[in-house]
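Residues per chain, in single letters:
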Amino acid sequence: MAEARLEYRLFIGGSWVPASSGRLIEVEEASTGEPLAEVPEASEADLEEAVEAAAAALPGWSGTPIEERASVLERIAEGISQRTEELATSISREVGTPIRHSRAIQVGNPLQIIAGTVEAARREPLEEEVGNVRVLREPAGVVAAITPWNYPLQQVVAKLAPALAAGCTVVLKVSEVAPLTAFTLAQIAADAGLPGGALNVLTGYGASTGERLVCHRLVDHISFTGSTRAGRRISRLAAERVTPLTMELGGKSASVLLDDAEIEKAAKFCVYNAFLNAGQTCTALTRLLVPRRLQERAVEVAAETASKLAPGDPLDEATRLGPLASSRQLERVRSYIRQGVQAGARLAAGGAEPPAGLERGFYVRPTVFADVEPEMVIAQEEIFGPVLSVIPYESEEAALRIANGTPYGLAGAVWSADQEHALDFARHMRCGTVEVNGGAFSLTAPFGGVKLSGHGREFGRYGLEEFLVPKSLQL
Ligand code: NAD
């Protein structure tokens, strides 16, 4: 079918075009390591065309009434919903997410994000009076959106929906590791009536296509989600033109069990959370802090829960833990597990060797470390794999110090039989989001980090505001 071929082209100015470089990037299947697809590597000329198309589309799209922009987004959500199975399967193959999680989270979350954005856009006053001044809230302009591979559709939608709702136009550079759903999304957006040029999709590497996009003279705002390493580099490049940035970076989040917490429930929750998407989640609660006297019980529960999560084929409906997304990830995660052992942490489950019978593909064993010291590398650095560190603590003050004692500040969790006590602890945690006694993750409340986890917020009203710039008319 014609469309299947079009999916592997660049989407520029509303048309599918081959990369002028003629170069292709190979995408690997997570469960086998075999080639899954080839996508174009955008050249400098392609990038130029894409940014110019976005700039040319800006006056028309920003002048489109907000109600019409909201309707286009709702139609995009409908299109995503109708193609759930195709999108979910594609993500399971390129990222390795178990198919049930792909449907519910990888495709389900973007639908909620669009709904929350549309609702906020309809409510948000785009003009207000401040004394004698009429304050207009104008679209930021041409947005460069750069996204990672772990939740490929969600990360794109979390930028695209608010940017488009605000009246911005977008050049999207998706991750070279998991680019496939972006092509489907572009087709869905075109079918939903999004004008040509309002969304342009490029595939390419970060160091070439990504950096050129960040430095482009016509880019007015950069919205980046990815590693702190790349976030730093992009921030430096953006400083040259003082381009405003939204930065959603890495994390090393702590789940703190206070003295009176329901230990079984909290430890189980932490393992499921930390191992979701094989641990490739920026908010993963990868450090479990427990009072020293409760450590053995917590480790027992965590190890037992982890051992029930047998890795398996992501396309199998029964699988709860799939492979990692790439060979690079596999090497990285195994190396961290080895470092944990060498540093003297106690291996309570898993290990660096491949799971039995799964020598092909990027599988790793769900791993739990006990007796982890807060300063060990495995307790400080983002591993991005199914590796949990149980860290014993002596006092609540020490727990807070340890929880706040990494360079990151994305998410956290706290558990106590006394909700007020848990809330008080949560107030002192230095991070953007805290789950209190297992409170559900929201896709409309502000989401983002502090410290090396970045700045700026996504989702709902706060996400929309990233793409609006106030202008004062003095009357
Ligand atoms: P990455 O930083 O390697 O790549 C992310 C994107 O940036 C890719 O599209 C890549 O091509 C591009 N890129 C890389 N270097 C670049 C450069 N110098 N200039 C411009 N673009 C560049 O990250 P990844 O491995 O794809 O994703 C995993 C990371 O993303 C983890 O650190 C994770 O915590 C983080 N993440 C954060 C959030 C959040 O909301 N805070 C969400 C998901 C993932």
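Shown above is the structure to which this text applies.
Counting starts from 1 at the beginning of each chain's written sequence and moves along it residue by residue. With pLDDT at 70 or above as the cut-off, local features in this predicted model cover only qualifying residues; side-chain atom pairs require 80 or more to be listed or tallied, and sums for whole chains, interfaces and linings still use all residues. Side-chain descriptors were evaluated using all non-hydrogen atoms of the structure, hydrogens and water having been removed beforehand.

Q: Give me the packing of helix 4 (residues 84-94) against helix 7 (residues 180-191): which residues, what numbers.
A: Angles shown run from 0 to 180 degrees and are taken between the N-to-C directions of axes, each axis being a line fitted to C-alpha atoms and, for helices, limited to the stretch in contact. Only DSSP runs of H or I covering at least 4 residues are called helices, and only runs of E covering at least 2 are called strands; the numbering of each starts at the N terminus. Between helix 4 and helix 7, the least distance of the axes is 9 Å, while the angle of their chain directions is 160°. Classified by the interaxial angle, the pair formed by helix 4 and helix 7 is roughly antiparallel. Once helix 4 is placed against helix 7, the crossing between them reads as left-handed. The residues of helix 7 that touch helix 4, namely those facing Glu86, Leu87, Ser90, Ile91 and Glu94, are Leu180, Thr181, Thr184 and Ile188. Residue classes follow a fixed rule: Ala, Val, Leu, Ile, Met, Phe, Trp, Tyr, Cys and Pro count as nonpolar, while Asp, Glu, Lys and Arg count as charged, and any other residue, Gly among them, counts as polar. The residue makeup of the contact of helix 4 with helix 7, split by class, is four nonpolar, three polar and two charged. To sort the angles, those under 35 degrees are grouped as roughly parallel, those over 145 as roughly antiparallel, those from 65 to 115 as roughly perpendicular, and the leftovers as oblique. Here a crossing is called left-handed whenever its near helix is offset anticlockwise from the far helix by less than a right angle, and right-handed whenever the offset is clockwise. In what follows, residue pairs with any heavy atoms lying within 4.5 Å of each other are defined as contacts.

Q: A description of empty space enclosed by the protein should follow, citing residues and the corresponding values.
A: Here a cavity is any set of points on a 1 Å grid over the protein atoms alone where a 1.4 Å probe fits but cannot get out, and a pocket is any open set with protein on both sides within 12 Å along at least 5 of 7 lines; a residue lines the site when it has an atom within 4 Å of a point. Grid points are joined across faces, edges and corners, and a volume is the space filled by probe spheres set on the points. Evaluated as defined, the whole model comprises four cavities of 30 Å³ or more. Computed from the structure, the largest cavity encloses a volume of approximately 80 Å³. Taken together, 15 residues form the lining of the largest cavity, with Ala403, Tyr408, Gly409, Ala411 and Cys431 sitting closest to its centre. Residue classes in the lining of the largest cavity are distributed as seven nonpolar, four polar and four charged.

Q: Give me the lowdown on the sheet that holds strand 13 (residues 287-291), citing residues and values where you can.
A: By definition, two strands form a pair when at least two bridges between them are found by DSSP. Taken in spatial order, the seven strands of this open sheet run 14-15-16-13-12-17-18, and their pairing is mixed. Whereas interior strands pair on both sides, the edge strands pair on one side only; in this sheet they are strand 14 (346-349) and strand 18 (433-436). Mean inter-strand twist for the sheet, computed between neighbouring axes without regard to direction, equals 20°. Of the strand pairs in this sheet, strand 13 and strand 16 (residues 387-393) are connected by five bridges, and their pairing is parallel. Bridge pairing links Leu288 to Val390 in strand 16. Contacting strand 12 (254-257), strand 13, strand 15 (367-370), strand 16, strand 17 (411-415) and strand 18, helix 10 (residues 263-275) crosses the sheet at an angle of about 145° to strand 16.

Q: Explain the nonpolar core residue by residue, including any values.
A: If you look at the biggest cluster of nonpolar residues, it comprises 65 residues, and the most contacted ones within it are Ile76, Ile80, Ile114, Val170, Leu172 and Leu199. Counting residues per element, this core draws most heavily on helix 6 (residues 152-166), at 10 residues. In this description, a nonpolar core means a group of buried Ala, Val, Leu, Ile, Met, Phe, Trp, Tyr and Cys residues linked to one another through side-chain atoms lying within 4.5 Å. Here the term buried applies to any residue with accessible area under 20% of the maximum for its type, exposed to any over 50%, and partly exposed to those in between, with areas from a 1.4 Å probe on protein chains only. Listed in part, the 62 residues of the second largest apolar core include Ala379, Ile383, Ala399 and Trp415.

Q: A description of unusual backbone geometry should follow, citing residues and the corresponding values.
A: Glycine aside, residues mostly have negative phi, and peptide bonds are mostly found in the trans state. For Ala278, which is not glycine, the phi torsion reads 55° and is therefore positive. Here Ala278 shows up in the loop between helix 10 and strand 13. What makes Ala278 buried here is its relative accessible area of 4%. Of note in the backbone geometry, Lys451 takes a positive phi value of approximately 50° without being a glycine.

Q: I'd love a proper account of helix 2 (residues 44-62), names of residues and values included.
A: In an α-helix there are 3.6 residues to a turn, and that puts residues three or four apart on one side. How far a helix is expected to stretch is found by multiplying one less than its residue total by 1.5 Å. With 19 residues, helix 2 extends 27 Å from end C-alpha to end C-alpha; this agrees with the ideal 27 Å at 1.5 Å per step. What the bend at a residue measures is the angle between two axes, fitted to the seven residues ending there and to the seven starting there. Along its length, helix 2 reaches its greatest deviation from straightness, about 30°, at Ala56, and the proline Pro59 lies no more than four positions downstream. Turning to helix 2, its buried residues number three or more, namely Asp46, Leu47, Ala50, Val51, Ala53, Ala54, Ala57, Leu58 and Trp61. You can read the cap of helix 2 off the contacts: a side-chain oxygen lies 3.3 Å from the backbone nitrogen of Ala45, and it is on Ser43. Distance and chemistry together define a polar contact, namely a pair of N or O atoms within 3.5 Å, with one atom able to donate a hydrogen and the other to accept it when in protein, and with adjacent residues in sequence counting only for side-chain atoms on both sides.

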